[in-house]
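# Geometric and topological summary
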Amino acid sequence: MPIKYMEMTNMILYKESLLPQLFQEQVNRNPGAPALTFENMDITYGQLNRKVSQIFSLLIRRGITPGTIVVVDFSTPLEMVAGALGVIWVEGVYLPLPG
């Protein structure tokens, strides 16, 4: 689903963009900037991008195609975000397991 409005650290984007495009733009602009923080763990946009790419590749190798429901069960919120983005990149349907 296209996003028509999104605010990211004082920057407002008014255009039709898909989440993967917006994420990649942020990776390109600020690869070393913190993307996620949870408890004492930080992950940069570059690190998150590498993790999402790994998950995306795994999903493709396992035959996930657009519209496929993908159940996601990760141990940390940081992994959960990377998993959700990987599913979105492959255009699958993200289904988190309750914790």
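We now turn to the structure provided with this report. Predicted, not measured: the structure shown is a model, and the values here were computed from it.

Here is what the cut-offs are and how they apply
- Residues numbered from 1 in each chain as written.
- Predicted model: local features only at pLDDT ≥ 70, side-chain atom pairs only at ≥ 80, totals over all residues.
- Heavy atoms only, no water.
- Pairing = 2+ DSSP bridges.
- Helix = DSSP H or I, 4+ residues; strand = E, 2+ residues; numbered from the N terminus.
- Phe/Tyr/Trp six-rings, centres within 6.5 Å; stacked < 30°, edge-to-face > 60°.
- Buried < 20%, exposed > 50% of the residue type's maximum accessible area, 1.4 Å probe, protein only.
- Axes fitted to C-alpha atoms, helices over the stretch in contact; angles between N-to-C directions.
- Parallel < 35°, antiparallel > 145°, perpendicular 65-115°, else oblique.
- Contact = heavy atoms within 4.5 Å.
- Nonpolar A, V, L, I, M, F, W, Y, C, P; charged D, E, K, R; others polar.
- Left-handed = near helix turned anticlockwise from the far one by under 90°.

## Some points on the pairing of strand β3 (residues 34–38)
As paired elements, β3 and strand β4 (residues 41–44) share four bridges and run antiparallel to each other. Considered in β4, the bridge of Thr37 is made with Asp42. Where β3 folds back onto β4 in an antiparallel hairpin, the turn is made up of two residues, including Glu39, whose phi is positive at roughly 50 degrees.

## Section: the packing of aromatic side chains
All told, the structure shown has three aromatic pairs when counted by the stated rule. When the centroid spacing of 6.1 Å and the interplanar angle of 70 degrees are considered together, the rings of Phe56 and Trp89 count as edge-to-face. Taken together, the residues Phe56 in helix α2 (residues 45–61) and Trp89 in helix α3 (residues 77–89) connect sequence positions 33 residues apart. The class for Trp89 is buried, based on a relative accessible area of 19%. Every member of this aromatic cluster is reached through a ring pair, and the members are Phe23, Tyr45, Phe56 and Trp89.

## A short note on the packing of helix α1 (residues 19–29) against α3
At a minimum axis separation of 9 Å, α1 and α3 run at an interaxial angle of 120 degrees. Comparing their axes, α3 and α1 come out oblique. In this structure, α1 contributes Leu19, Pro20, Phe23 and Gln24 to the contact, and α3 contributes Leu85, Ile88 and Trp89. Residues of the contact of α1 with α3, tallied by class, amount to six nonpolar, one polar and no charged.

## As for the packing of α1 against α2
Contact pair α1 / α2: the axes reach a minimum separation of 9 Å and the direction vectors enclose 135 degrees. Comparing the axis directions of α1 and α2 gives the class oblique. Here α1 and α2 pass one another in a crossing that is left-handed. On α2, the residues that touch Phe23, Gln24, Gln26 and Val27 of α1 are Tyr45, Leu48 and Asn49.

Nothing here speaks to function; it is geometry throughout.
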